[in-house]
Amino acid sequence: MAGGAAEGGQAGAASGAAKGARAAMASGGAAKAGPAAAAGATAAAAAGRSTATDTTDTEPATTALADSGGTGGGTGDGGGKGKKPKRPKRTGWRRLFPTWRMLLSTFVIGVMLIIGLLFLGYSLVQIPSANALATKQSNVYLYSDGSQLARDTRDSKVNRENVSLAHVSKAAQHAVLAAEDRDFYSESAVDPKAMLRAGWNTALGKGKQSGSTITQQYVKNYYLGQEQTVTRKAKEFFISIKLDREKSKDEILEGYLNTSYFGRSAYGIQAAAQAYYGKDAADLDPARAAYLAALVNAPSEYDVVAHPENKSAAVARWNYVLDGMVKEGWLGKGERAGLKFPTPRDQTVPNGLSGQRGYLVDAVRQYLISNDIVTADQLAAGGYRITTTIQKNRQNAFVKAVDDQLISKLDKKNRKADNYVRAGGASVDPRTGKIVAMYGGIDYVKQFTNGATRGDFQVGSTFKPFVFTSAVQNSSTTQDGRPITPNTVYDGTTRRPVQGWPGGAYNPANEDEKSYGDIPVRKATDLSVNAVYAQMAVDVGPDRVKQTAVELGIPEHTKDLQPYPSIALGTATASVLDMAEAYATLANHGQRATYTMVEKVTKDGTQQVELPQRQTKRAVTREAADTTTSILQSVVDNGTAVAAQAAGRPAAGKTGTAEEDTAAWFAGYTPELATVVSVMGQDPVTAAHKSLYYALGQPRMNGGGPPTAIWAQYTRDALKGKPVSDFDLQLQPGADRTEAPADPSADPSIGGQDDGGTTGTPTDGTSTPSTDGTTTGTPGTTGGGTGTPATDGGTTTGGNTADGGGTTTGGSTNGSPTTGGGTDTGGGTPGGNTGGLDTGGGTDTGATGGQP
C-alpha cells in the first residue's frame, strides 16, 4: 500500500491517499482498489496535473470508489468527499443573455424592493390639510324666495359654493361618473392599468392622459395641486389609498364635485350650474348635467359660447357622456334619444355686485356682523349661503319707482345740480320688522356709498311726528296746562320765542316768515309750522322727545340727536333705514319689531347658523302711536304729502327737507308697509353735501316732490293685488276730530309744500342761498349744530339781505338773545328772508334747515 502511494505521485498527498485506502478497505472493497485509490487521490490532489490515464487498472478503481461511496477525489483531509466538476463556461451568443437563475434573483429582489418602498411610502406620506384654494368659497346671497340675489367673491376671489351630495341631482352625479370614472363605486382608489394605459397613450402622442380615478383627482384638487411632477404623483398615489380607507365613496364624490373646475371662474358643480344655466345643481337635468360633466375634461375648450369653433368637439364629448350613462343603466335609451344639446347662456361680466346687489350685500354683511351672527373673518373665509328678507318683486318695484320718478328726469349735461342727485330708500313690513326692499343708489360699482344706510344728512321735519308721539306718550300739557292732542291750539307766529325753556331764548322762524296765529296741532303738522313744534318740544321736554325717538327706533348715538328745542326741527342725521324702523313702529301701533335682513344662514350647505330670536317690544302706547298716525293721515289728505294719495291706499306720512335743500325726505306707511325715501345732494368728486336747487329743473327740492312720488309709485306696485285695508286706530280722548280732506288734484307746490327756509327762489338760475351764516347762541343750530344762548343779543350775519341769498343764521338784530338753531341757515333765496321758515308751503329748514 505504501508502495502504491509512492508510485502514485506526490508525497504531499500520501496522507490523504492512505486515509482513502483505509476507508476502501474498511468498506470491504477489493484489494486491487488500494493502488488505484491512492493513485486517484494523488491525481486529485495534484489539481489537474495528472489524469486518470496515468494510473493502472483505472476502471476497477473507479468501480471500487463508486461502491465505497467515494467521489474520486479527496478533500485533502481524507474525508472521502470530492468536489463537483466545474460547469463548463457559456460560449458564443449565450453569453449575451442572463441565466434563469439571474432573472429569478433579480425579480425576487425587485419585488422585495418595491414592497419595501410601498410600505415606506405608505408610512411616511400622511393625508395633509386641504390646500388654500380648495377651501375658499364665495358667499351666496338669496332673495327671500330662494332665488339668487348675488354671489360675493371679494374675500375669497373664488367662485365656489360647496353643496352636499344630496343637493346635486342624480343626473349630474351620473353624468360626471360617466365622463370621468364609470367604475368609481366598484374600483379601488387607484387603477394601475389605467395609469399605464394613460402613460402609453401619452407617449404615443395621443394627447395627455390622466389615468386617474375620481379619488386621485379629488386628492389632487383638494390636498395637493395641479403641478405635473413625480413627487406630486407619488403623494397622490399614497394619499388616495389612505383616503379610500377613511372616507366613503359618497364623501369622495361630493368632495370631487365641489372642487372640480368647470370654466368661467366656477369651481364646483353648484357654481358651474349657476354660471352656465342659472340653475342650482339640484335642478340639473341629464342634458345640462352631461354638458357640465364634459367641461371637466377641457373647461376652456368646450365652452361653446366662448369658443364656438370648438362646438363639434364639445358636442362629441357631450354625446360620449350620455352614451356612457345609457351603457351604465343611468339613463334610458328613449330619454337619451330625445335630448338636444343644451346651449349655455352667455357669460356675464364678473360684476356680480353691480346695480342694487352690492348695496344689499353690504347691508346684509353689516347686519350679520353687528348682530354677532357671523364675524368678518368668518365671512372672509366664505362658504355661507344667506337667505335675506328682501322680496324680489318689491325690490324691483322700488328700483323702477326711483328710475321713473327721479333718475329718468335727470339731465346731467345741461343741469349741474342733476350731477349731485343721490337717492336712498328702505321698506319694512311693520308687523315683522323685515326689510323687504332697499334702494342704495344708481349703481354700486358707480356710487359706492349706500343711500339707505348712510347717516350724514339731516332728517328735517320727518322728525316732528316723534315730538307729538312723545307728548301723548308722556301725557304732556302746554305751558298753561292744556293736554296736547291733535286739536290743541298753539301760537304759530313766526319767530315767537318758546316759553319755559331754561336754556335761553329760542325763536325759530316759519317758512317765508309766515305767521299763522292760533293753529291746532293737526293743521300745524299739515303745514309743518316750526314755531308750534319748537314750543311743543319744550312742553314735552327735549330729553323725553329724544327718549321717545330712541324707543321708536332711532339709534341713541345718532349725530346731532340732542335734547334741545331744535330737536323738533330735525337736526339729527339718522339714516333712511333708521327712520324706516321708527315709522314702522308707529304703523305697528307702537310695537317695535327690531328690523332684520336675514331669514336663514347656512355654512357649507348643511350647517345652519343660529339667528337671534325676533324680538317685539312695546315702544310707546297704542294711543300715542295711533294718534300720531291720525295726524299723519291728515298730512297726506290735506298737507304737504298729497302726492302720496297716488298709492291708492289709506296712508300716513310726513315730508321733510334738510338745510339748504341738501336732502328731501318722505316717510310714510300703510297698514302693511312702511317706507322712507330720501333724495340727497352730494358732489361726485369731493363727496361734499350740495344743495339741490334747480335739480330736475325745479327751483326747490322738497319732500313733497320726488320723494313722495317715488313712495307712492313703489307702494302702489309693491301692494298690487293685496286687499286694501284701513288703519285700525285707538286714539287718545278728544283726538278723533279731523279736518275736511283737500282736493287731491291740488298742486303740491302751492301753499301746502314743504319748502321751508326760503321766501323765494334764485332768480339768476345759478346762485343759491348763502350757507355761511353763524349763530352766537343756542340751543339752536346753524346747519344743525347746537350751542348756548348768546347773552349779548346776537347778530344777524348775512340774513335778510336783498342781494342774492344771504341767510339769517343767528337770531335777531334787536338785542334779544339769539339761539341760532331756530333759524334757517340754508333755505334763503336771493332777495328773501331766509330764517328757518316752515309754513308748510315750502321746506322746513328751521334749526336744521329742517324742512317739512
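On a predicted model such as this, the values are computed, not experimentally measured, just so you know.

About the criteria used
Residues numbered from 1 in each chain as written. Predicted model: local features only at pLDDT ≥ 70, side-chain atom pairs only at ≥ 80, totals over all residues. Heavy atoms only, no water. Helix = DSSP H or I, 4+ residues; strand = E, 2+ residues; numbered from the N terminus. Buried < 20%, exposed > 50% of the residue type's maximum accessible area, 1.4 Å probe, protein only. Contact = heavy atoms within 4.5 Å. Areas by Shrake-Rupley, 256 points an atom, 1.4 Å probe, with all protein chains shown as cover. Expected span 1.5 Å × (residues − 1). Pairing = 2+ DSSP bridges. pLDDT = per-residue confidence, 0-100. Salt bridge = Lys/Arg side-chain N within 4 Å of Asp/Glu carboxyl O. Axes fitted to C-alpha atoms, helices over the stretch in contact; angles between N-to-C directions. Parallel < 35°, antiparallel > 145°, perpendicular 65-115°, else oblique. Nonpolar A, V, L, I, M, F, W, Y, C, P; charged D, E, K, R; others polar. Phe/Tyr/Trp six-rings, centres within 6.5 Å; stacked < 30°, edge-to-face > 60°.

What follows is about the overall build of the chain. The secondary structure content of the chain amounts to 25 helices and 16 strands. Out of the 852 residues belonging to the chain, those deemed buried represent 52%. Counted over contacts in the chain with a minimum sequence separation of 6, partners at least 24 positions apart contribute 71%. Accessible area of the chain: about 37,100 Å², with a carbon and sulfur share of 52%.

Another aspect to go through is helix α23 (residues 576-587). Helix length check: α23 (twelve residues) gives 16 Å between terminal C-alpha atoms against 16 Å at 1.5 Å per residue, within 8%. In terms of residue burial, α23 counts as a mostly covered element, since twelve of its twelve residues are buried. Of the positions making up α23, those classed as buried are Val576, Leu577, Asp578, Met579, Ala580, Glu581, Ala582, Tyr583, Ala584, Thr585, Leu586 and Ala587. Backbone geometry just downstream of α23 places His589 in the positive-phi region, at approximately 60°.

This part is about helix α16 (residues 357-370). With 14 residues, α16 extends 20 Å from end C-alpha to end C-alpha; this agrees with the ideal 20 Å at 1.5 Å per step. Among all positions in α16, only Gly358, Tyr359, Leu360, Val361, Ala363, Val364, Arg365, Tyr367 and Leu368 are buried. Positive phi shows up at Asp372, right after α16, with a value of about 55°.

In terms of burial, strand β7 (residues 435-439) is largely enclosed, as five of its five residues are buried. Where strand β6 (residues 421-428) meets β7, four bridges bridge the pair, whose relative direction is antiparallel. Paired with Ala426 across the two strands is Met438, which belongs to β7.

Confidence along the chain averages 77 in pLDDT terms, with 67% of residues attaining 70 or more. Low confidence marks residues 1-80, where pLDDT is under 50. Its contacts with residues over four positions away, or in another chain, come to 45 contacts. Note on residues 738-851: pLDDT is under 50 here. Beyond four places in sequence and across chains, it has 414 contacts.

Once that is clear, we can look at the pattern of salt bridges. Tallied over the full model, the rule gives 22 salt bridges. Among the salt bridges present, the one from Arg151 reaches Glu161, with a minimum N-O distance of 3.4 Å. A residue pair is termed long-range when its members are at least 10 positions apart, and Arg151 in strand β2 (residues 148-152) and Glu161 in the loop between β3 (159-160) and α7 (170-180) qualify at ten residues. Among the residues examined, Arg151 registers a relative accessible area of 10% and is labelled buried. A salt bridge links Asp404 to Lys400, with the shortest nitrogen-to-oxygen separation between them at 2.7 Å. Placement of both Asp404 and Lys400 in helix α18 (residues 392-405) is noted, with a separation of four residues, approximately one turn of the helix. Residue class for Lys400 comes out partly exposed when judged on its relative accessible area of 46%.

With that settled, consider the sheet that holds strand β12 (residues 607-608). The sheet built from five strands is open, its strands ordered β2-β1-β5-β11-β12 with mixed pairing. Looking at strand neighbours, the two that pair on one side only are β2 and β12, the edges of this open sheet. In this sheet, strand β5 (residues 384-388) lies alongside strand β1 (residues 139-142) in parallel orientation, the contact comprising three bridges. Residue pairing in the sheet places Val140 in a bridge with Arg385 of β5. Where α16 meets the sheet, it contacts β1, β2, β5 and β11 (598-603), and its direction lies at approximately 75° from that of β2.

This part covers the packing of helix α21 (residues 530-540) against helix α22 (residues 542-552). The geometry of α21 relative to α22 is characterised by a closest axis approach of 6 Å and an angle of 95° between their N-to-C directions. Considered as vectors, α21 and α22 are oriented roughly perpendicular to each other. Along its contact with α21, which presents Ala537, Val538 and Val540, the element α22 presents Pro542, Arg544 and Val545. Class assignment for the residues of the contact of α21 with α22 results in five nonpolar, no polar and one charged.

The subject of this paragraph is the packing of aromatic side chains. Each aromatic ring pair is specified by the distance between its two centres and by the angle formed by the two planes. Under the defined criterion, the tally for this structure stands at 16 aromatic pairs. Between the aromatic rings of Tyr359 and Tyr444, the centroid separation amounts to 5.4 Å while the plane-to-plane angle is 90°, which identifies the pairing as edge-to-face. Within this pair, whereas Tyr359 is found in helix α16, its partner Tyr444 is found in the loop between β7 and α19 (464-473), the two being separated by 85 residues in sequence. With a relative accessible area of 8%, Tyr444 lands in the buried category.

Let's shift gears to the side chain of Gln356. Inspection of the secondary structure assignment puts Gln356 in the loop between α15 (333-337) and α16. On the accessibility criterion, Gln356 (11% relative accessible area) is buried. Residue contacts for Gln356: discarding those within four places in its chain leaves Gln395, Val399, Met438, Tyr439, Gly440, Gly441 and Ile442.

Within the element layout of this structure, Asp661 appears in the loop between β14 (652-657) and β15 (663-669). Residue Asp661 is classed as buried on the basis of its relative accessible area, which comes to 0%. Spatially, the C-alpha atom of Asp661 lies 9.9 Å from that of Gly460, the residues being 201 residues apart in sequence.

The element β2 is largely enclosed, with a buried count of four among its five residues. What sits between the antiparallel neighbours β1 and β2 is a turn of five residues, in which Gly146 has the positive phi angle 95°.

By the element assignment, Thr343 lies in the loop between α15 and α16. The sequence separation of Thr343 and Tyr291 amounts to 52 residues, and the corresponding C-alpha distance is 8.8 Å. Setting aside chain neighbours within four positions, we find Thr343 in contact with Tyr277 and Lys311.

In this model, Asp560 sits at a positive phi of 65°, which is unusual for a non-glycine residue. With respect to the helices and strands, the residue Asp560 is situated in the loop between α22 and α23. Judged by relative accessible area, Asp560 falls into the buried class, the value being 19%. Despite not being glycine, Ala687 has its phi angle at roughly 70°, a positive value. Relative to the helices and strands, Ala687 is located in the loop between β16 (674-681) and α25 (706-718).

Turning to the sheet that holds β16, a few remarks are in order. Pairing is antiparallel across the open sheet formed by five strands, whose spatial order is β7-β6-β16-β15-β14. Looking along the sheet, the strands with just one partner apiece sit at the ends: β7 and β14. Taking each pair of neighbouring strands and ignoring which way they run, the sheet shows an average axis angle of 5°. Across eight bridges, the pairing between β6 and β16 is antiparallel. Note that in β16 the partner of Arg422 across the bridge is Met680.

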